[in-house]
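Here's the letter readout for the chains.
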Amino acid sequence: MSQTSFEIQQAAVIGAGTMGRGIVMCLANAGVSVQWVDNNPQMLEQALMAVAETYAHNVRQGRIDQAEADTRIARVSAAADYATIRNVDLVIEAVYENLELKQKIFRELDGLLKPEALLASNTSALDIDAIAAATRRPAQVLGLHFFSPAHIMKLLEIVRGAQTSPAALEAALALGKRMGKVSVVSGNCHGFIGNRMLHPYVLEARKMLLEGAYPQQVDSALQGFGFAMGPFRMYDVVGIDLEWRARELAGKGQDAPEVQIDNRLCEMGRFGQKSGNGYYHYEPGSRQAEHDPEVDALVLRVSEELGFQRRDIGPEEILERCLLALVNEGAKILQEGIAGSAHDIDLVYLNGYGFPAKKGGPMAWADHQGLADIHQRLLALETRQGDQWKPARLIGELAAQGRGFADR
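How each quantity is defined
- Residues numbered from 1 in each chain as written.
- Predicted model: local features only at pLDDT ≥ 70, side-chain atom pairs only at ≥ 80, totals over all residues.
- Heavy atoms only, no water.
- Axes fitted to C-alpha atoms, helices over the stretch in contact; angles between N-to-C directions.
- Helix = DSSP H or I, 4+ residues; strand = E, 2+ residues; numbered from the N terminus.
- Parallel < 35°, antiparallel > 145°, perpendicular 65-115°, else oblique.
- Contact = heavy atoms within 4.5 Å.
- Nonpolar A, V, L, I, M, F, W, Y, C, P; charged D, E, K, R; others polar.
- Buried < 20%, exposed > 50% of the residue type's maximum accessible area, 1.4 Å probe, protein only.
- Arc of directions from axis to C-beta.
- Phe/Tyr/Trp six-rings, centres within 6.5 Å; stacked < 30°, edge-to-face > 60°.
- Lys NZ or Arg CZ within 6 Å of the ring centre and 35° of its normal.
- Expected span 1.5 Å × (residues − 1).
- Polar contact = N/O pair within 3.5 Å; in protein donor to acceptor, adjacent residues only side chain to side chain.
- Pairing = 2+ DSSP bridges.

- In the annotation of an unreviewed UniProt entry, the protein is listed under the name 3-hydroxyacyl-CoA dehydrogenase and assigned to Pseudomonas fluorescens.

**With respect to the packing of helix α7 (residues 194-211) against helix α14 (residues 342-352)**
No. 1: Axis separation between α7 and α14 bottoms out at 10 Å; the angle between their running directions is 70 degrees. In this view, α7 runs roughly perpendicular relative to α14, as classed from their interaxial angle. Residue-level inspection shows Gly194, Met197 and Leu198 of α7 in contact with α14, the latter providing Ile345, Val348 and Tyr349.
No. 2: Looking at the contact of α7 with α14 residue by residue, the class counts come to five nonpolar, one polar and no charged.

**Comments concerning helix α15 (residues 362-369)**
No. 1: Looking at α15, one finds that the buried residues are Pro362, Met363, Trp365 and Ala366. The arc that holds the buried residues of α15, viewed along the axis, is 160 degrees, so those residues lie on one side.
No. 2: Buried residues along α15 sit against α7, α8 (215-225), α13 (315-335), α14 and α16 (371-385).

**Concerning the packing of aromatic side chains**
No. 1: Counting across every chain of the model gives nine aromatic pairs.
No. 2: Centre to centre, the rings of phenylalanine 232 and tyrosine 279 are 4.7 Å apart; their planes meet at 55 degrees, and the pair counts as tilted. Taken as a pair, phenylalanine 232 in helix α9 (residues 231-238) and tyrosine 279 in the loop between α11 (260-267) and α12 (293-305) lie far apart in primary sequence, 47 residues in all.
No. 3: With centroids separated by 6.0 Å and ring planes inclined at 35 degrees, the aromatic side chains of tryptophan 244 and phenylalanine 271 adopt a geometry described as tilted. Taken as a pair, tryptophan 244 in helix α10 (residues 241-250) and phenylalanine 271 in the loop between α11 and α12 lie far apart in primary sequence, 27 residues in all. Pair check on accessibility: tryptophan 244 and phenylalanine 271 agree, each one buried.
No. 4: Among the aromatic side chains, those forming a connected cluster through ring pairs are Tyr201, Phe225, Phe227, Phe355 and Trp365.
No. 5: For arginine 310, the ring lying beneath its charged end belongs to tyrosine 214, and the centroid distance is 4.7 Å.
No. 6: Over the face of the ring belonging to phenylalanine 225 we find lysine 359, whose NZ or CZ atom lies 4.5 Å from the ring centre.

**Quick look at helix α2 (residues 41-60)**
In an α-helix, one turn spans 3.6 residues, which is why side chains three or four residues apart end up on the same side.
No. 1: Its 20 residues give α2 an end-to-end C-alpha distance of 29 Å, which sits within 8% of 28 Å, the value for a rise of 1.5 Å per residue.
No. 2: All of the buried residues along α2 are Leu44, Ala47, Val51, Tyr55 and Asn58. Projected down its long axis, α2 shows its buried positions confined to an angular sector of 75 degrees, all on one face. Exposed positions of α2 whose direction lies more than 90 degrees from the buried face are Gln42, Met49 and Arg60.

**Here we look at the side chain of glutamate 93**
No. 1: For glutamate 93, the position within the fold is in strand β4 (residues 90-93).
No. 2: There is a polar contact of 2.6 Å between the side chain of glutamate 93 and the side chain of serine 121.
No. 3: Setting aside residues up to four positions removed in sequence, glutamate 93 forms contacts with Ile14, Lys102, Ile105, Phe106, Ala120, Ser121 and Asn122.

**Things to note about the pairing of strand β6 (residues 141-146)**
No. 1: In terms of burial, β6 is a largely internal element, six of the six residues being buried.
No. 2: Of the two faces of β6, the one lined by Val141, Gly143 and His145 and the one lined by Leu142, Leu144 and Phe146 are each fully buried.
No. 3: Pairing geometry for β6 and strand β7 (residues 155-160), over five bridges, is antiparallel. Looking across to β7, one finds that leucine 142 is bridged to arginine 160.

If you want it as structure tokens, here you go:
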């Protein structure tokens, strides 16, 4: 390590929800002592018990021994308030996705912490620069976007703000390495690398439900390609209600035709795996997604109410639209300098989104197809379906030179 780099020995985590719990374990497992803050003492108490139970489970499974479990648990302590954590090297905020709330937390912490301390947000989409602007130390602010469950998922998106210092990035990368993460640096934009690409991919899947496909059909086409799970199974796992509630809170997006099926499922209390029903049915205590004809009937009804003429949609079209949506957005991310390389984008998709490992990631897959071919296929979709399919400038440029994303 160079002299100038900053080693993180003590950290604090704000928020005792699911993400906070996973992040606390990542830090404790890497030998960092963690002070944990939540404005609800009862929630914090439960979270500490849940962490202890996870370690006990790991001991029963033979993954770690009792001594190691005790050592890790001893690294974690409850902190009464922000004043208690004023000497830490790093604070990771893991509260729910609300910009004003995050700015308020960062403003308070900025006034208390030592000047060299780093402030990180676990936001999955919000503007890191807007969060940093609430402080007098924007060079020390960055995003550390962990994927859920944080103590299991390998991927860590490290988001650099416009003013994040090289030393802060270096410290975050070193910490990622200690935690055993695959760390990818992303620029600041809505959704960063992973969720920004996920948006058009899921949008196509949802549009195809309205045009004639059913959830199980879409999922089996993508699982047949090698994805760990298709988009509708994925929504059942994370909870269909998360985006539904976010749209309600934001007061926008709820009227879009593509989300009407989600809205209806949520109104019926079908939130996914956790409620026993979502796009699929789950038997009590089971995670096995079972086809539910009731959902097919709902899809049919909603699409007809919206005036769609349904047609047969085959697996080829499902793959074409979902994969090319990913690749085209990935190319825009690359051309804007949000990702450092096509390989970084592939790392995000292989480690955070279940893209099939043997296909190498969406950008490697596109290179394998040949960018001239990808360019033609995007132009064909643009002709048939409109200008959201306009190929990214970079695809045309590389195709004309006979190069691939990897050559850039």
